[in-house]
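Here is what each chain is made of, one letter per residue.
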Amino acid sequence: MDPSESIDKKVKEILKPKLGKDFYDETASQGNMVRMGLNENMIVDGCVANMLLEEAAKRTDPRRYPAPKGSSAIKAISESLGVWEDEVIVGNGADEILDLICKVYVGGGEALVVEPTFEMYRFYIGLGRGRVRASMMTKEFGLDAEGVLGGITDKTKALFICSPNNPTGRQFSKDDVLRVVEDCDRLVVVDEAYSDFAPYSLSRESTRYQNLLVLRTFSKAFGMAGLRLGYATSTNETTSWLRAAQSPFSVNEVAQEMARLVLENNKIYEEWVKKTVEERAYLKAELDDVNGIEAFDSDANFILFRILNKDLRSSDVVARLKGAGFEVRDRGALPMLKNCIRVTVSTRQNNMRFVGELVKELRG
Ligand SMILES: Cc1ncc(COP(=O)(O)O)c(C=O)c1O
């Protein structure tokens with residue numbers, strides 16, 4: 001039997017008894033702690049993920065070094081996206097690619113970051129002694145293209161735009177993002193770690209612009225956070241510079257094989273993305289019904305909400321939720337996000353239980 005047929009059969013066998021049922025996936029919580037703080041994907045079926053992981057392990061030989069610079073994953077990604085292999089770079093998580101971008105493009109110079117956003121941009125820019133210039137998003141969490149373009153100085157080496165943005169959840173309008181790309185001559189990094197859950201992605205278009213790099217990851221939609229595999233698409237020139245600075249074996253062979261397998265089986269992952277989007281709508285509607293908070297619309301696999309009661313602090317609520325077994329992320333210290341908390345969309349059971357616990361904690 002063709003190996004891909006036998007995998008397809010195994011996936012179906014695992015999922016058959018669960019289809020159409022709102023089963024309780026015990027792998028979606030760990031011990032007594034429900035992890036809803038890191039935007040991991042617990043809607044991907046744990047048994048299918050483990051079966052594919054075993055298959056990926058079987059296809060690798062741990063005595064050998066992995067395909068250099070992630071070349072076998074690059075091949076699978078380029079085929080799936082329809083871009084050339086030399087327009088793709090893969091890394092040990094999207095994080096490694098951010099690190100490479102900062103080393104190669106920012107160095108000790110300045111980078112413009114659209115805030116409030118993912119804090120690792122500041123981390124990697126700071127590692128190279130670079131400086132951050134912040135450009136704030138609009139009050140409605142949109143991209144202020146005019147403000148971004150006006151914030152570019154002689155020293156600006158690169159721009160970081162996260163879309164859908166972590167932690168606000170909104171995807172910026174495509175026109176606004178492309179306006180920034182078209183009207184500036186610096187490298188524009190558009191971090192699309194969450195674009196699988198959103199209306200559009202610029203991955204395929206990225207190679208048409210000299211100065212655009214689009215970053216994606218297998219950690220979110222493909223539930224592979226523990227294996228570490230991220231990728232970016234850009235021009236051959238940009239990916240060559242980044243690859244030149246990358247150590248040869250940073251992407252392990254199991255992650256590369258697993259990437260090939262999940263892309264070959266992407267139909268089932270598309271179903272899980274659809275389910276995540278449905279669960280996000282459910283969680284948002286439930287949060288909208290909770291007194292004393294304001295939940296924001298999201299295009300990602302998490303939702304940001306603000307605690308409106310001035311006598312309550314988001315950090316205290318997060319600590320109390322942790323005591324009750326729910327890990328979520330306090331974002332209240334970020335600019336514009338006073339008293340805000342970010343919660344990952346999880347399985348129906350986890351989402352329901354979380355809202356119940358939140359209501360209890362808000363009552364005090
Ligand atoms: C916006 C954003 N970019 C990049 C990453 C890093 O992804 P990876 O797990 O591939 O390193 C994350 C992880 O949470 C993220 O939220």
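What you see is a predicted model, and the numbers here were worked out from it, not measured in a lab. (Residues numbered from 1 in each chain as written. Predicted model: local features only at pLDDT ≥ 70, side-chain atom pairs only at ≥ 80, totals over all residues. Heavy atoms only, no water.)

**A word on the site of the ligand**
Stage number 1. Taken together, 13 residues lie near the ligand, and Ala94, Asp191, Thr217, Ser219 and Arg228 sit nearest.
Stage number 2. Contacts to the ligand include alanine 94, whose backbone N or O atom sits 2.6 Å from an oxygen atom.
Stage number 3. Its free accessible area being 390 Å², the ligand has 93% of it covered by the protein chains.
Stage number 4. With 3 residues, helix H4 (residues 93–106) is the single largest residue contributor to the shell around the ligand.
Stage number 5. Split into classes, the residues belonging to the shell around the ligand amount to 5 nonpolar, 4 polar and 4 charged. (Near = heavy atom within 4 Å. Polar contact = N/O pair within 3.5 Å; in protein donor to acceptor, adjacent residues only side chain to side chain. Areas by Shrake-Rupley, 256 points an atom, 1.4 Å probe, with all protein chains shown as cover. Helix = DSSP H or I, 4+ residues; strand = E, 2+ residues; numbered from the N terminus. Nonpolar A, V, L, I, M, F, W, Y, C, P; charged D, E, K, R; others polar.)

**Quick notes on the packing of helix H3 (residues 71–81) against helix H9 (residues 253–264)**
Stage number 1. The geometry of H3 relative to H9 is characterised by a closest axis approach of 8 Å and an angle of 20 degrees between their N-to-C directions. One element, H3, and the other, H9, form an angle in the roughly parallel class. Our pair here, H3 against H9, has a crossing hand that is left-handed. Residues Ser71, Ser72, Ala73, Ala76, Ile77 and Ser80 of H3 form the contact with H9, whose participating residues are Gln256, Ala259, Arg260 and Leu263.
Stage number 2. Of the residues assigned to the contact of H3 with H9, the class counts are 5 nonpolar, 4 polar and 1 charged. (Axes fitted to C-alpha atoms, helices over the stretch in contact; angles between N-to-C directions. Parallel < 35°, antiparallel > 145°, perpendicular 65-115°, else oblique. Left-handed = near helix turned anticlockwise from the far one by under 90°. Contact = heavy atoms within 4.5 Å.)

**Structural notes on the sheet that holds strand S7 (residues 212–217)**
Stage number 1. A sheet is described by the order of its strands in space; here 7 strands give the open sequence S2-S8-S7-S6-S5-S3-S4, paired in mixed fashion. Of all strands in the sheet, those with a lone pairing partner are strand S2 (88–91) and strand S4 (131–136), marking the two edges. Put simply, the sheet's adjacent strands are angled 25 degrees from each other on average, direction ignored.
Stage number 2. Where strand S3 (residues 110–115) and S4 come together, 6 bridges link them in parallel fashion. Each residue of the ladder has a partner; that of valine 114, found in S4, is serine 135.
Stage number 3. This element, helix H7 (residues 174–182), spans strand S5 (156–162), strand S6 (187–191) and S7 of the sheet and lies at about 155 degrees to S6. (Pairing = 2+ DSSP bridges.)

**Things to note about the environment of isoleucine 307**
Stage number 1. By the secondary structure assignment, isoleucine 307 is in strand S10 (residues 302–307).
Stage number 2. Considered as a pair, isoleucine 307 and isoleucine 341 are 34 residues apart in the sequence and their alpha carbons are 7.9 Å apart.
Stage number 3. In contact with isoleucine 307, not counting residues within four places along its chain, are Gly292, Ile293, Leu312, Ser314, Val317, Asn339, Ile341 and Leu362.

**Side note on the packing of aromatic side chains**
Stage number 1. The full count for this structure, using the stated rule, is 12 aromatic pairs.
Stage number 2. Measuring from ring centre to ring centre gives 5.1 Å for phenylalanine 141 and phenylalanine 296, while their planes differ by 65 degrees; the resulting arrangement is edge-to-face. With a gap of 155 residues between them, phenylalanine 141 in the loop between S4 and helix H6 (145–150) and phenylalanine 296 in the loop between strand S9 (293–295) and S10 connect regions that are remote in the sequence.
Stage number 3. Residue classification places phenylalanine 296 among the buried residues on the basis of a relative accessible area of 13%.
Stage number 4. Taken together through their ring pairs, the aromatic side chains of Phe218, Phe222, Tyr231, Tyr269 and Trp272 make up a single cluster. (Phe/Tyr/Trp six-rings, centres within 6.5 Å; stacked < 30°, edge-to-face > 60°. Buried < 20%, exposed > 50% of the residue type's maximum accessible area, 1.4 Å probe, protein only.)

**Some words on the domain arrangement of the protein**
Stage number 1. For the protein, the domain assignment lists domain 1 (3–55 + 266–363) and domain 2 (65–264).
Stage number 2. If you average the C-alpha positions of domain 1 and of domain 2, the two centres end up 24 Å apart.
Stage number 3. With 30 residues of domain 1 at the contact, the number on the domain 2 side is 33 residues.
Stage number 4. Around 2,600 Å² of area is buried between domain 1 and domain 2 when both sides are counted, 66% of it from carbon and sulfur atoms.
Stage number 5. Of all residues in domain 1, the largest losses of buried area upon contact with domain 2 belong to Tyr269, Asp299 and Met336, amounting jointly to 24% of the total for that side.
Stage number 6. The closest approach of N and O atoms between glutamate 119 and arginine 331, which form a salt bridge, is 3.5 Å.
Stage number 7. Run the count over domain 1 and domain 2 and you get 12 residue pairs in polar contact (both at pLDDT 80 or more).
Stage number 8. Counting only elements with at least two residues in the side of domain 1 that touches domain 2, the list comes to helix H2 (46–58), helix H10 (266–288) and S10.
Stage number 9. The leading source of residues in the side of domain 1 that touches domain 2 is H10, at 6 residues.
Stage number 10. Residue classes in the side of domain 1 that touches domain 2 are distributed as 17 nonpolar, 6 polar and 7 charged. (Domains from an automatic or database assignment. Buried area = accessible area lost by both parts, 1.4 Å probe. Salt bridge = Lys/Arg side-chain N within 4 Å of Asp/Glu carboxyl O.)

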